[in-house]
Amino acid sequence: LAHGTASLAEMADGAGKEKSAIDLERTLELLTAVGRVLPVSASFKPPKASAQPGKIKVLGDINRKLVTLGRQTMVRQHLVSSQTGVSIPLDSIEAVVLTRLEEGVPSAKLAEMVGEELKSRGVRINKDGTPIDDPKESAERMQEIVSRFLSHQLGTLVRFGVVKPA
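Let us look at the structure shown here. Keep in mind the model is a prediction, meaning the values are calculated, not measured.

Things to note about the pairing of strand β3 (residues 86-90)
Pairing geometry for strand β2 (residues 77-81) and β3, over 5 bridges, is antiparallel. From the neighbouring strand, serine 81 faces β3, where its bridge partner is valine 86. Between β2 and β3, which pair antiparallel in sequence order, lie 4 residues; one of them, glycine 85, sits at a positive phi of approximately 75 degrees.

Okay, here's the thing in structure tokens:
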């Protein structure tokens, strides 16, 4: 899915004239049965993702409400990708990060601002299942969480059409 998906017509065109539609259908059924092909609701080509988008926009009313709900309740939500027909889990901290990115907070200050918001709500950062009491260590852990989100999860959200760079 990282490279997008193709419609049956696009696959047939790519297979060339020597392959019949029946051959293509059989091949796809076999590849689907063994888990090598994943059916999706519509074909799409993901946009090129920039390394660190300055500002993002959450797409879809439902996804925006789920991000807001995750931020307010501090409970995991599942965003919806209308392109692939799957849900993508979003932790409450990630919901706060997405909201701050929508507000245009620069990446350099993101961990600090997210950490301050969590602290004001009485949420403590854990490491290995225990709360971190040291403010410096807590800030380092928050930076680690935000960096991991920006480098991994955000790219997935962009590719699946849940968010886009603004």
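What follows continues from the structure just given.
Some words on the pattern of salt bridges
Scanning the entire structure with this criterion turns up 9 salt bridges. In this structure, arginine 124 and aspartate 133 form a salt bridge, with 2.2 Å as the shortest nitrogen-oxygen distance. Among the residues examined, arginine 124 registers a relative accessible area of 46% and is labelled partly exposed. The salt bridge involving arginine 141 is made with glutamate 144; its shortest N-O contact spans 2.6 Å. Here the residue arginine 141 and the residue glutamate 144 both occupy positions in helix α6 (residues 135-159), the gap between them amounting to 3 residues, near one helical turn. Several salt bridges converge on common partners, so that one network encompasses Arg71, Arg100, Glu103, Glu117 and Arg121.

Topic: the packing of helix α4 (residues 92-102) against helix α5 (residues 107-120)
Contact geometry for α4 and α5: axes closest at 10 Å, N-to-C directions at 125 degrees. Looking at the two axes, α4 sits oblique to α5. As for how α4 packs across α5, the hand of that crossing is right-handed. Listed contacts from α5 to Ile93, Val96, Val97, Arg100 and Leu101 of α4 are Leu110, Met113, Val114, Glu117 and Leu118. The class makeup of the residues in the contact of α4 with α5 is 8 nonpolar, no polar and 2 charged.

Comments concerning the nonpolar core
Residues Leu98, Phe149, Leu157 and Val163 are the most contacted members of the largest nonpolar core, which totals 31 residues. Elements represented by at least two residues in this core include exactly β1 (56-58), α3 (61-73), β3, α4, α5 and α6. The dominant element in this core, judged by the number of residues it contributes, is α6, at 8 residues. Those residues within four positions of valine 163 in sequence are excluded, and the remaining contacts are Ile56, Lys57, Val58, Leu59, Leu98, Leu154, Leu157 and Val158.

Describing a nonpolar patch on the surface
Side chains of Leu30, Leu31 and Val34 sit close together on the surface and give an oily, nonpolar patch of about 280 Å² of accessible area. Residue placement: valine 34 occurs in the loop between α2 (21-33) and β1.

Things to note about the side chain of threonine 99
For threonine 99, the position within the fold is in helix α4. Ignoring sequence-local partners within four residues, the contact set of threonine 99 consists of Val67 and Arg71.

Brief notes about α6
Over its 25 residues, α6 extends 35 Å from the first C-alpha to the last, a length consistent with the 36 Å expected when each residue adds 1.5 Å. Of all bends in α6, the biggest is about 40 degrees, found at leucine 150. What α6 keeps buried is the set Ser138, Arg141, Met142, Ile145, Val146, Phe149, Leu150, Gln153, Leu154, Gly155, Leu157 and Val158. Lining the buried residues of α6 we find β2, β3, α4, α5, β4 (126-127) and β6 (163-165). Two residues or fewer past α6, glycine 161 is found with a positive phi of approximately 75 degrees.

A look at the environment of leucine 150
Counting through the fold element by element, leucine 150 comes out in helix α6. We classify leucine 150 as buried; its relative accessible area is 10%. Linking leucine 150 and leucine 98, residues 52 residues apart in sequence, is a C-alpha distance of 9.7 Å.

What to know about α3
Here α3 contains 13 residues, and its C-alpha end-to-end distance of 18 Å stays within 8% of the 18 Å for a straight helix at 1.5 Å per residue. Taken together, the buried positions of α3 are occupied by Asn63, Leu66, Val67, Gly70 and Arg71. What you see down the axis of α3 is that its buried residues fit within an arc of 135 degrees, all on one side. Set apart from the buried face of α3 by more than 90 degrees, the exposed residues are Asp61, Ile62, Lys65 and Gln72.

Reading the values: rules and limits
- Residues numbered from 1 in each chain as written.
- Predicted model: local features only at pLDDT ≥ 70, side-chain atom pairs only at ≥ 80, totals over all residues.
- Heavy atoms only, no water.
- Pairing = 2+ DSSP bridges.
- Helix = DSSP H or I, 4+ residues; strand = E, 2+ residues; numbered from the N terminus.
- Salt bridge = Lys/Arg side-chain N within 4 Å of Asp/Glu carboxyl O.
- Buried < 20%, exposed > 50% of the residue type's maximum accessible area, 1.4 Å probe, protein only.
- Axes fitted to C-alpha atoms, helices over the stretch in contact; angles between N-to-C directions.
- Parallel < 35°, antiparallel > 145°, perpendicular 65-115°, else oblique.
- Left-handed = near helix turned anticlockwise from the far one by under 90°.
- Contact = heavy atoms within 4.5 Å.
- Nonpolar A, V, L, I, M, F, W, Y, C, P; charged D, E, K, R; others polar.
- Core = buried A, V, L, I, M, F, W, Y, C linked by side-chain atoms within 4.5 Å.
- Patch = residues over 30% accessible without salt bridge, like charges linked within 9 Å, V, L, I, M, F, W, Y side chains within 5 Å.
- Areas by Shrake-Rupley, 256 points an atom, 1.4 Å probe, with all protein chains shown as cover.
- Expected span 1.5 Å × (residues − 1).
- Bend = angle between axes of the 7 residues up to and from the residue.
- Arc of directions from axis to C-beta.

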